[in-house]
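# A structural walkthrough
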Amino acid sequence: MCIRDRFILYESTGIKKETISKLVYLRLLSSNEQIQRLLSTTKVNEAYKVFTQNTSINDPEYKSKKEAFFLEAGWSLFLAFDYTKAIECLSNANYDPFEFLALLPDFASADLPAAPLQNIKDVVELKLGMSDTKDTVLSDGINAVVKLLAKKRKLLAPIFPKEKAKTIEFLHPSKLLNEVFKDHTATLAKTMEMLDTSLIKLYIGLRNLKDISEFFTPITTMGCDYSFSQYLEEQKSSEAQVCLAYFNEKYGNFTKALEVWKKLASENSTGDLACREIIKLLTTQVTDKNIIFDCTEVVLRQQPEEGLKVFTSNESLPKFITEDDIIEYLGGLKNNSEMLKEKYIEH
């Protein structure tokens, strides 16, 4: 539709002339264009309304189109630093975890493309410059990436043991932050290896023991092989050593795990966690009497009554340690020996 804007000039003698200043072309935007414009300003609810009004649930491609919508919406929100809503949207789409890991190159344990990649620091500084909120936004962004990687791991873990060679075809937004990820795919084995090694590095860097414990506790199969323990051995922080202990547990190397936990039991930040793990391993995984007595002493020094659970909470213990052995052992301790003997006998 063409509309002519007319400007009419007047003189004292009347109308002098008429001029046309411009032509304006109006057309109706397609639903996809409307959605993209709305998402560019993070108006996700309005964009979703346009999507539902123009996409029939009977469309054979409805599911894939809806997933693509949430991917676009999630990336739009993420780059606008609305991380909570971004995670909510992206949870409904098969996003590429490698694409998000590229935002945190310092923690990457995967073979990312060699091309220069934009990272989260670049994005934040470009939009916020030296704003007072920059550091907070950057920190929140790192935590958001960690949550997205953890969500992807939880989703893939159940199928990992049987489908390691399966190729995963991830979805990517129409406008990629890093174009090298266009059409990127990866095997399930490669993806799980990346997720495990990168998440462990991130948890160590964030120095949150609660997150580390919550990461390892439900895991039955690690995506990375045992050689990664060498990296953990070289890290000296308490958080890295906690990861090393858990890592050995997951690979069934309980003696090594106990060695690490014993060292951590005397530290203020890791003492309670280490004592719990030692008790758990001694009551479920270890049958060697010498190892049990040696490791229990560490717990008894820190938490005497909790340490007694090694002898009172293990129904299988009588198979390899007698009550007389335990009483003799407790009586020979330097600290609290009489009290511990009495409590054990009372039990």
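Computed from a prediction, not measured in an experiment: that's the story for all the values here. Residue positions within a chain follow its written sequence, with the count starting from 1. With the structure being a predicted model, the display of local features is reserved for residues of pLDDT at least 70 and the display and counting of side-chain atom pairs for 80 or more, all residues being used for whole-chain, interface and lining totals. Excluding hydrogens and water, the side-chain figures rest on all heavy atoms present in the structure.

Now for the overall build of the protein chain. Helix and strand assignments come from DSSP, with helices taken as H or I runs of at least 4 residues and strands as E runs of at least 2, each series counted from the N terminus. Along the backbone of the protein chain there are 18 helices and 4 strands. The C-alpha radius of gyration computed for the protein chain amounts to 30 Å, which surpasses the reference 20 Å derived for 347 residues by more than 25%, pointing to a less compact arrangement than a globule. For every residue, the accessible area (1.4 Å probe, protein chains only) is compared with the maximum for its type, and the residue is labelled buried under 20%, exposed over 50%, or partly exposed between those bounds. Across the 347 residues that make up the protein chain, the buried fraction comes to 41%. The criterion used for residue contact is that any of the two residues' heavy atoms lie within 4.5 Å. Once local pairs closer than 6 in sequence are excluded, the contacts in the protein chain between residues at least 24 apart make up 58%. Note on areas: Shrake-Rupley with a 1.4 Å probe; residue coverage comes only from the protein chains shown. Counting only carbon and sulfur atoms, one obtains 49% of the accessible surface of the protein chain, whose full area is about 20,000 Å². The charge count treats Lys and Arg as positive and Asp and Glu as negative. His and the chain ends do not count. By convention, the point assigned to a charge is CZ for Arg, NZ for Lys, CD for Glu and CG for Asp. Within the protein chain, one finds 44 positive and 50 negative side-chain charges whose respective centroids are separated by 8 Å. Computation of the radius of gyration draws on C-alpha atoms alone. For the globule rule, the value is 2.2 Å times the number of residues to the power 0.38.

Looking now at the confidence of the model for the protein chain. Along the chain, pLDDT gives the predictor's confidence residue by residue, from 0 to 100. Chain-level statistics for the protein chain give a pLDDT mean of 89 and a share of 91% at 70 or above. Across the protein chain, the element-wise mean pLDDT spans from 43 in strand 1 (residues 2–11) up to 98 in helix 4 (residues 83–90). Low pLDDT (under 50) marks residues 1–17, which in the prediction has 30 contacts with non-local residues, meaning those over four places away or in another chain.

Let us look at the nonpolar core. For soluble globular proteins, nonpolar side chains are generally found buried alongside one another. To form a nonpolar core, buried Ala, Val, Leu, Ile, Met, Phe, Trp, Tyr and Cys residues must be joined to one another through side-chain atoms within 4.5 Å. Core analysis: the biggest nonpolar cluster contains 105 residues, and F78, I200, W261, F311 and L330 have the highest contact counts within it. If we skip the residues at most four places from it in the chain, I200 touches F215, F216, M222, F228, L232, C243 and F247.

Another point: the packing of aromatic side chains. Stacked, tilted and edge-to-face are the three classes applied to pairs of Phe, Tyr and Trp rings, where Trp contributes its six-membered ring and a pair requires centres within 6.5 Å; stacked means planes under 30 degrees apart, edge-to-face means over 60, and tilted covers the rest. In total, this model carries 26 aromatic pairs according to the counting rule given. Between F69 and F70, the aromatic rings sit 5.5 Å apart at their centres with planes inclined by 75°, giving edge-to-face as the arrangement. Judged by relative accessible area, F69 falls into the buried class, the value being 4%. In textbook terms, an aromatic cluster arises when at least three aromatic residues are bridged by ring pairs, as seen for W75, F78, F81, Y83, Y95 and F100. Think of it as a cone above the ring: NZ of Lys or CZ of Arg counts as a charge over the ring if it is within 6 Å of the ring centre and within 35 degrees of the ring normal. Directly above the ring of F81 sits K127, whose terminal nitrogen or CZ lies 5.6 Å from the centroid. Directly above the ring of Y231 sits K201, whose terminal nitrogen or CZ lies 4.8 Å from the centroid.

With that out of the way, let us pick up the side chain of T270. Position of T270 among the secondary structure elements: in the loop between helix 12 (254–264) and helix 13 (271–284). Exposure remark for T270: the relative accessible area of 0% places this residue in the buried category. Identification of polar contacts relies on pairs of N or O atoms within 3.5 Å, with a donor-acceptor requirement for protein atoms, meaning one able to donate a hydrogen and the other able to accept it, and with residues adjacent in sequence counted only if both atoms are side-chain atoms. One polar contact links the side chain of T270 to the main-chain carbonyl oxygen of L264, over a distance of 2.7 Å. Not counting residues up to four positions away in its chain, the partners in contact with T270 are L209, S238, V242 and L264.

Moving on, we get to helix 1 (residues 31–40). Those residues of helix 1 that fall on the buried side of the exposure criterion are I35, L38 and L39. One face of helix 1 carries all of its buried residues, which in axial projection span an arc of 95°. Of the exposed residues in helix 1, the ones pointing more than 90 degrees away from its buried face are R37 and S40. Tucked inside the fold, the buried residues of helix 1 contact helix 2 (44–54) and helix 3 (62–79). T42 occupies a position one or two residues after helix 1 and carries a positive phi of about 55°. Directions from the helix axis toward the C-beta atoms define the arc.

Here helix 11 (residues 238–250) contains 13 residues, and its C-alpha end-to-end distance of 19 Å stays within 8% of the 18 Å for a straight helix at 1.5 Å per residue. Among the 13 residues of helix 11, 12 are classified as buried, and the element is accordingly described as predominantly covered. All of the buried residues in helix 11 are S238, E239, A240, Q241, V242, C243, L244, A245, Y246, F247, N248 and E249. Here the buried face of helix 11 lies against helix 8 (188–206), helix 9 (209–216), helix 10 (228–234), helix 12 and helix 13. In the segment just after helix 11, G252 is the residue with positive phi, at about 75°. Multiplying 1.5 Å by the residue count of a helix minus one yields the expected span of that helix.

For salt bridges, the criterion is a side-chain nitrogen of Lys or Arg within 4 Å of an Asp or Glu carboxyl oxygen. Inspection of the entire model under this criterion finds 15 salt bridges. Residue E163 pairs with K166 through a salt bridge whose shortest N-O separation is 3.8 Å. In this structure E163 comes out as partly exposed when scored by relative accessible area, which is 33%. Salt-bridge contacts for K280 lead to E277; the nearest nitrogen and oxygen are separated by 2.7 Å. Of the two residues, K280 and E277 both sit in helix 13, 3 residues apart, roughly one turn of that helix. Here K280 falls in the partly exposed class, since its relative accessible area comes to 33%. Here the residues in one salt-bridge network are E249, E277 and K280, joined through shared partners.

Along the polypeptide, R153 turns up in helix 7 (residues 134–156). On the basis of relative accessibility, which here comes to 7%, the residue R153 falls in the buried class. Among all residues touching R153, those that are not within four sequence positions of it are M192, L195, D196, L199, F215, I219, T221, M222 and G223.

What follows concerns the packing of helix 12 against helix 14 (residues 289–302). An axis is simply a line fitted to the C-alpha atoms; with a helix, the fit covers only the stretch in contact. Between two such axes, the angle follows the N-to-C directions and lies from 0 to 180 degrees. The contact between helix 12 and helix 14 brings their axes to 10 Å, and the two run at 25°. For the element pair helix 12 / helix 14, the angle class is roughly parallel. For the element pair helix 12 and helix 14, the recorded crossing hand is left-handed. The residues of helix 14 that touch helix 12, namely those facing T255, L258 and K262, are I291, D294, C295 and V298. Here the residues of the contact of helix 12 with helix 14 are counted per class, giving 4 nonpolar, 1 polar and 2 charged. Our angle categories are set so that under 35 degrees counts as roughly parallel, over 145 as roughly antiparallel, 65 to 115 as roughly perpendicular, and the remainder as oblique. Two helices crossing with the near one rotated counterclockwise from the far one by less than a right angle form a left-handed crossing, whereas a clockwise rotation gives a right-handed crossing. Asp, Glu, Lys and Arg are counted as charged, while Ala, Val, Leu, Ile, Met, Phe, Trp, Tyr, Cys and Pro are counted as nonpolar; the rest, among them Gly, fall into the polar class.

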